[in-house]
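Here is what each chain is made of, one letter per residue.
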Amino acid sequence: MNSINCAAPGVVMRPRTQFLRVLASSVEAARMSLDQRVLIVGGSAQDEHILRQVGFKHIVNSNLPTDMERMAAGESDLETQHLALDAEQLELPSDSFDLVFASEVLHHCSSPHRALCEMLRVSRRYVLFMEPNDSLAMAALVRMRFSFPYELPAVIDHDYRSGGVRDSQIPNFLYRWNRHEVFKTVSSYIPERIFSLHVYPYWDFSVTEEDLDLRKATRIGSITSAIGAGNFISLLRFAQLFLNWTPPLRSQGNKFFCCIEKSPGLKPWMARDGEEIVLNRQFGHQQ
């Protein structure tokens, strides 16, 4: 699925220092092997670079056929294989990659849940993704028009021709996630499997003056006109440090990072019968 990370030729990519720090910390905490085969869904050259900075070596990057040219123009690593794939229908075998990764991709899908389920199906062990966070603070910011519920800047940044839902010119709705939403989705898709969730909501104001110029539909435009975009970015940087330093405030952040770990084990009420997974009859008699 198309991602706004795919910058058009000539567009400077946004700094992602905070995301790199969160990603590296999650990989270290989960003790992931850096020799795993990684699939990027809705990827960009920047996604490749970030994963290689963390230490992953075996990377396959995918995106919609309509975005393959932009991906190639983004100075991708020559060692990275590129595939044309739809996040909502990944034409790959189940359990074909150790880790499946997506950054700011799910909200560009017609069905974010379907895309996440496809990532779960293709992943043998881990699914990592970053999306907008669903919190009381973000809901308040949307109501006060400091944030817009639809992602107009992505379409504007792609010359009004693409960058929206399923890489169309229609701006996508900013579907926001939280731990409970992920838990329900994973529990529904793989009810027989044991899994664990590691989530990290946080604030990340990694915007440039060009990004702010694309947000005329919010109150940010009037603020930057009054105090200047550079001064506003400086205030954001200070606010980011303070908000992330305090856990209760950090949990209200604008970003939601999630690590889903699939265990090979089954729920205690399930059992294997050859190649088939069945209800554990002994467990049922014990209840």
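Along each chain, residue indices are assigned from 1 in the same order as the chain's sequence is written. At least 70 in pLDDT is required for a residue's local features to be given in this predicted model, at least 80 for side-chain atom pairs to be given and counted, and no such filter applies to totals for whole chains, interfaces and linings, which use all residues. Only hydrogens and water are set aside; all other atoms, that is, all heavy atoms of the structure, feed into the side-chain values.

## A few points about the packing of helix 9 (residues 220-227) against helix 10 (residues 229-245)
Every axis corresponds to a line fitted to the C-alpha atoms, with the helix fit spanning only the stretch in contact, and the corresponding angles, defined between N-to-C directions, vary from 0 to 180 degrees. A helix here means a DSSP run of H or I that spans at least four residues, while a strand means a run of E at least two residues long, and both kinds are numbered starting from the N terminus. The geometry of helix 9 relative to helix 10 is characterised by a closest axis approach of 7 Å and an angle of 110° between their N-to-C directions. The angle between helix 9 and helix 10 places the two elements in the roughly perpendicular class. Contact residues: helix 9 offers Ile220, Ile223, Thr224 and Ile227, while helix 10 offers Ala229, Asn231, Phe232 and Leu235. Under the scheme applied, nonpolar residues are Ala, Val, Leu, Ile, Met, Phe, Trp, Tyr, Cys and Pro; charged residues are Asp, Glu, Lys and Arg; polar residues are all the others, including Gly. Broken down by class, the residue content of the contact of helix 9 with helix 10 amounts to six nonpolar, two polar and no charged. Here is the rule for angles: anything less than 35 degrees is roughly parallel, anything more than 145 is roughly antiparallel, 65 through 115 is roughly perpendicular, and the remaining ranges are oblique. Residue contacts are counted whenever heavy atoms from the two residues lie within 4.5 Å of one another.

## A word on the packing of aromatic side chains
We call Phe, Tyr and Trp rings a pair once their centres come within 6.5 Å, taking the six-membered ring for Trp, and we label the pair stacked below 30 degrees between planes, edge-to-face above 60, and tilted otherwise. Under the definition given, this model contains ten aromatic pairs. Joined through ring pairs, the aromatic side chains of Phe129, Tyr175, Trp177 and Phe256 make up one cluster. Of note, Arg37 hangs over the ring of Phe97, and the distance from its end group to the ring centre comes to 4.3 Å. Charge over a ring is defined by NZ of Lys or CZ of Arg lying within 6 Å of the ring centre and within 35 degrees of the ring normal.

## Observations regarding the packing of helix 4 (residues 112-122) against helix 7 (residues 179-189)
Where helix 4 meets helix 7, the axes come as close as 10 Å, and the angle between the chain directions of the two elements is 55°. In this view, helix 4 runs oblique relative to helix 7, as classed from their interaxial angle. Every pair of crossing elements has a handedness; the one defined by helix 4 and helix 7 is right-handed. Facing His113, Leu116, Cys117, Leu120 and Arg121 of helix 4, the residues of helix 7 in contact are Glu181, Thr185, Val186 and Tyr189. Tallied by class, residues from the contact of helix 4 with helix 7 come to five nonpolar, two polar and two charged. When the near helix sits turned anticlockwise from the far one by under a right angle, the crossing is termed left-handed; a clockwise turn instead gives a right-handed crossing.

So yeah, pure geometry; function would need other evidence.
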